[in-house]
Amino acid sequence: AANLEHLGHALEGGTGDAGGTVRVSIEAGDRILEKVSVTGVTAETDVGTMVHATDDNTYTLTPGASAPAVGRVIKFHTGTTVDILIPGTAALADA
């Protein structure tokens, strides 16, 4: 799953066909994910840091070919728990 591109937040799961095509409805506008665990977060100083997704529900501060940027930390709670702003596709491209 290298070189993934984040297009939006899936509203429901999707099932692929034999050719590998998967169709899902996505929310392409801004979205805030509240109280999410993000690997690499340690303190309030991580607010503003880019967040990357390694799969459907795993977030990290570490970029990589299989971890596209999906948003930024906007609020630190405690430990590795933060709020993430996931901007619409056009806004993310400009980030």
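Conventions used here
Residues numbered from 1 in each chain as written. Predicted model: local features only at pLDDT ≥ 70, side-chain atom pairs only at ≥ 80, totals over all residues. Heavy atoms only, no water. Patch = residues over 30% accessible without salt bridge, like charges linked within 9 Å, V, L, I, M, F, W, Y side chains within 5 Å. Areas by Shrake-Rupley, 256 points an atom, 1.4 Å probe, with all protein chains shown as cover. Salt bridge = Lys/Arg side-chain N within 4 Å of Asp/Glu carboxyl O. Helix = DSSP H or I, 4+ residues; strand = E, 2+ residues; numbered from the N terminus. Buried < 20%, exposed > 50% of the residue type's maximum accessible area, 1.4 Å probe, protein only. pLDDT = per-residue confidence, 0-100. Contact = heavy atoms within 4.5 Å. Lys, Arg positive; Asp, Glu negative; His and termini not counted. Pairing = 2+ DSSP bridges. Axes fitted to C-alpha atoms, helices over the stretch in contact; angles between N-to-C directions. Core = buried A, V, L, I, M, F, W, Y, C linked by side-chain atoms within 4.5 Å.

1. Details of a nonpolar patch on the surface
Phase 1: A contiguous nonpolar surface patch, about 230 Å² in accessible area, is contributed by Ile32, Ile74 and Leu85.
Phase 2: By the element assignment, Ile74 lies in strand β6 (residues 69-78).
Phase 3: Accessibility expressed as a relative area gives 38% for Ile74, which makes it partly exposed.

2. Some thoughts on the confidence of the model for the protein
Phase 1: For the protein, the mean per-residue pLDDT works out to 80, and 68% of the residues sit at or above 70.
Phase 2: Taken together, the stretch residues 91-95 has pLDDT below 50 and engages in 7 contacts with residues farther than four places along the chain or on a different chain.

3. Some details on the side chain of Asp46
Phase 1: Relative to the assigned elements, Asp46 resides in the loop between β3 (31-39) and β4 (50-55).
Phase 2: Comment: no salt bridge for buried Asp46; closest opposite-charge side chain is Arg72, at 11 Å.

4. Some thoughts on the sheet that holds strand β7 (residues 81-86)
Phase 1: Read around the closed barrel, the 5 strands follow the order β3-β5-β4-β6-β7; overall the barrel is mixed. Sheet twist, expressed as the average angle between the axes of neighbouring strands with direction ignored, equals 50°.

5. Let's talk about the nonpolar core
Phase 1: Val38, Val41, Val51, Tyr59, Val82 and Ile84 are the most contacted members of the largest nonpolar core, which has 14 residues in total.
Phase 2: Looking at this core, the elements with two or more residues in it are β3, β4, β6 and β7.
Phase 3: Other than its neighbours up to four places away in sequence, Val41 contacts Asp46, Leu61, Val73, Phe76, Gly79, Thr80 and Val82.

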